[in-house]
Amino acid sequence: MSIRVKFFASLREQVGQSEQEIMSKGVGTVSEVWAQLGEGELPADILCAINMDYAEHDSSVKDGDEVAFFPPVTGG
Amino acid sequence: MSIRVKFFASLREQVGQSEQEIMSKGVGTVSEVWAQLGEGELPADILCAINMDYAEHDSSVKDGDEVAFFPPVTGG
Amino acid sequence: MKIQLHPEPFNPWQELENHQRQQLRNQQGEFGATASFVGTMRDFNEGDQVSAMTLEYYPGMTEKQLEKIAETAYQRWELIEVFIQHRVGEIKPGQPIVLVAVWSSHRGNAFDACRFIMEELKHRAPFWKKEDLDGQSRWVESNTDGY
Amino acid sequence: MKIQLHPEPFNPWQELENHQRQQLRNQQGEFGATASFVGTMRDFNEGDQVSAMTLEYYPGMTEKQLEKIAETAYQRWELIEVFIQHRVGEIKPGQPIVLVAVWSSHRGNAFDACRFIMEELKHRAPFWKKEDLDGQSRWVESNTDGY
């Protein structure tokens, strides 16, 4: 299956890219998507979204989803 | 002593004038100023001011004061 | 602090913008939050169509009480500026009646102070509304609670 | 409801006035209360002088989350209109960052909803601030509480 992964703000700088496509079997949750990236443990304070809606680290992903990782938001 | 008395809004219409000068001895409080006007009892919900500051019905007045009577305010 | 009564229609957003540009010119970068409220005349009140309204006030006392309200707000919260504008005279539906704007470093203070000033103004500033209904008129008896 | 992101400086009061004139033309006399909030960039944060700031966002998700916040406000209070404007990109001190404006029949609803939307926006809308200090830059870690 194919998942588009996006990174924002300080996490984008840390990971060194703003997006990446992962092609893999056996990627069932957001945490498992992160694990594929080879960036170590997913920090507890990192927020995530699936298809532009907030999700949890253990939320399920499916083929074609867009998964985003980012630090706490600071707008307004 | 001389007191300038002002009336506003529905009370002004009821009294039939917007201001009046009263010259009298023995006018010690706002209620006594009202009593001089011959308009009956001072209604409990009528607000009053002395020299443009809110006052009570039993507040003291002195020579030269401006005393105002008006209904509850409805601005904004 | 600026407090002003308008006998003619006024544009609240324009007034606010002008005030900020003119009076807060040297405080650019200092205020992070501006909370404001505009009250506009409605054409409906207590179940009746209202065609116009006259706002009576007490020249001198009205301004004095508005200043006192603003001063109380300055004492209770850290504020950079308070700006109050109020219409008087004959008003038509859709026309602005009141503008309260508060500048502060932080949004909590700006929101709290703006709302406080509006409630105090409603309950303590000497203004009285007389509504024109179809062929008759009536004094508004009391203000509603804003919470 | 109107939600808009501005890559260039915008004038919040002008936007608000235009929106009311254009979109609420047929509701003149219906709304009695407009509560609004403008957030402006300060030149000082956490004890440091800030010379500029870059606001990053998540195109698509940012707009979607702002819409959700506005929809929640419409469900919780009787509102006539919600208007949200937010800057993105490079911002200088003194420039507006955000405008939230809410029109309602009554002031309590307008005040409550405006503040609710601001707090939700601060905590849920995907924006990230990076501040330029003297010769270096840093990501803002978290937003302050607004109450």
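Remember, predicted model here, so these are calculated numbers, not experimental data.

Asks: How would you sum up the interface of chain D and chain C? Please name residues and give values.
Replies: The interface is formed by 39 residues belonging to chain D together with 39 residues belonging to chain C. Summed over both sides, the interface of chain D with chain C buries roughly 3200 Å², with 50% coming from carbon and sulfur. Considering only the surface of chain D that becomes buried against chain C, Trp13, Arg107 and Phe111 of chain D emerge as the three largest contributors, covering 27% of it. A salt bridge links Glu119 of chain C to Arg107 of chain D, with the nearest nitrogen and oxygen atoms 2.8 Å apart. Summed over the shared surface of chain D and chain C, the number is 15 residue pairs in polar contact (both at pLDDT 80 or more). Every element with two or more residues in the side of chain D that touches chain C is listed here: α1 (12-23), β2 (33-40) and α3 (107-124) of chain D. In terms of residues, the side of chain D that touches chain C owes the most to one element, α3 of chain D, which gives 10 residues. The residue inventory of the side of chain D that touches chain C, partitioned by class, reads 12 nonpolar, 17 polar and 10 charged.

Asks: Which residues make up the arrangement of the chains, and what are the values?
Replies: With three pairs of chains in contact, the largest contact count belongs to chains C and D. The closest approach of any C-alpha atom in chain A to one in chain C is 10 Å; the two make no contact. In this structure chain B stays clear of chain D, and the shortest span between their C-alpha atoms is 10 Å.

Asks: Help me get a handle on the interface of chain A and chain D, residues and values and all.
Replies: It is common to give the size of an interface as the accessible area that goes away when the parts come together. Taken together, the contact pairs 20 residues of chain A with 27 residues of chain D. Carbon and sulfur atoms supply 55% of the area that chain A and chain D bury against each other, a total of about 1900 Å² over both sides. Taken as a group, Met52, Thr74 and Gly76 of chain A account for 35% of the area that chain A buries against chain D, more than any other trio of residues on that side. Counting the contacts that link chain A with chain D gives four salt bridges. Its salt-bridge partner being Glu56 of chain D, residue Arg12 of chain A comes within 2.5 Å of it at the nearest N-O pair.

Asks: An account of the nonpolar core is requested, with residue identities and associated values reported.
Replies: Of all hydrophobic cores here, the largest spans 67 residues; its most connected members are Val100 and Ile117 of chain C together with Ile84, Val100 and Ile117 of chain D. Setting aside chain neighbours within four positions, we find Val100 of chain C in contact with Ala35, Ser36, Phe37, Phe83, Ile84, Cys114, Ile117, Met118 and Leu121 of chain C. Judged by nonpolar contacts, the second largest core, of 22 residues, contains Leu99 of chain C together with Leu24, Phe31 and Val38 of chain D.

Asks: Explain the relation of the copies chain D and chain C to me, using residue names and the numbers behind them.
Replies: Superposing chain D onto chain C takes a rotation of 180 degrees combined with a translation of 0.0 Å along the rotation axis, leaving an RMSD of 0.0 Å. Here the two chains are linked by the operation of a two-fold rotation axis. Same-surface contact between copies: 100% of interface residues of chain D are shared with the interface of chain C.

Asks: Describe in detail the side chain of Arg87 of chain C, supporting the description with residues and values.
Replies: Residue and element names in this part refer to chain C. Among the secondary structure elements, Arg87 is positioned in strand β6 (residues 81-87). A polar contact is formed between the side chain of Arg87 and the backbone oxygen of His6, at a distance of 3.2 Å. Polar contacts involving the side chain of Arg87 include one to the main-chain carbonyl oxygen of Glu8, which spans 3.4 Å. Each residue touching Arg87, except ones within four places of it in the same chain, is listed here: His6, Pro7, Glu8, Pro9, Phe10, Leu55, Gln95, Pro96, Ile97 and Phe127.

Asks: I'd love a proper account of the sheet that holds strand β2 (residues 19-23) of chain A, names of residues and values included.
Replies: Read from one edge to the other, the open sheet built from five strands follows the order β2-β1-β5-β3-β4 (chain A), with strand pairing classed as mixed. The two strands at the open ends of the sheet, each matched to only one other strand, are β2 and β4 (53-55) of chain A. Neighbouring strand axes in the sheet, compared pairwise and without regard to direction, differ in orientation by 30 degrees on average. With four bridges joining them, strand β1 (residues 2-7) of chain A and strand β5 (residues 66-70) of chain A adopt parallel strand pairing. Its bridge partner being in β5 of chain A, Arg4 of chain A is matched across the sheet by Glu66 of chain A. Its contacts with the sheet place helix α2 (residues 61-76) of chain D against β3 (47-50), β4 and β5 of chain A, and it is angled at close to 90 degrees to β4 of chain A.

Asks: Talk me through the environment of Ser36 of chain C; I want residue IDs and the actual numbers.
Replies: In this fold, Ser36 of chain C is placed in strand β2 (residues 33-40). Separated by 23 residues in the primary sequence, Ser36 of chain C and Trp13 of chain C have C-alpha atoms spaced 9.6 Å apart. With residues up to four places along the chain from it excluded, the contact list for Ser36 of chain C reads Trp13, Leu16, Leu99, Val100, Ala101 and Cys114 of chain C together with Trp13, Thr34, Ala35 and Ser36 of chain D. In this structure the side chain of Ser36 of chain C is engaged in a polar contact, spanning 2.6 Å, whose partner is the side chain of Ser36 of chain D.

Asks: Can you lay out unusual backbone geometry for me, pointing to particular residues and giving the numbers?
Replies: Non-glycine residue Ala9 of chain A carries a positive phi angle of around 60 degrees. The residue Asn51 of chain B is not glycine, and still its phi comes out positive at about 50 degrees. Mapped onto the elements of the fold, Asn51 of chain B is located in the loop between β3 (47-50) and β4 (53-55). Among the residues examined, Asn51 of chain B registers a relative accessible area of 32% and is labelled partly exposed.

The rules behind each value
Residues numbered from 1 in each chain as written. Chains lettered and ligands numbered in written order. Predicted model: local features only at pLDDT ≥ 70, side-chain atom pairs only at ≥ 80, totals over all residues. Heavy atoms only, no water. Contact = heavy atoms within 4.5 Å. Buried area = accessible area lost by both parts, 1.4 Å probe. Salt bridge = Lys/Arg side-chain N within 4 Å of Asp/Glu carboxyl O. Polar contact = N/O pair within 3.5 Å; in protein donor to acceptor, adjacent residues only side chain to side chain. Helix = DSSP H or I, 4+ residues; strand = E, 2+ residues; numbered from the N terminus. Nonpolar A, V, L, I, M, F, W, Y, C, P; charged D, E, K, R; others polar. Core = buried A, V, L, I, M, F, W, Y, C linked by side-chain atoms within 4.5 Å. Buried < 20%, exposed > 50% of the residue type's maximum accessible area, 1.4 Å probe, protein only. Least-squares fit on C-alpha atoms with pLDDT ≥ 70 in both. Pairing = 2+ DSSP bridges. Axes fitted to C-alpha atoms, helices over the stretch in contact; angles between N-to-C directions.

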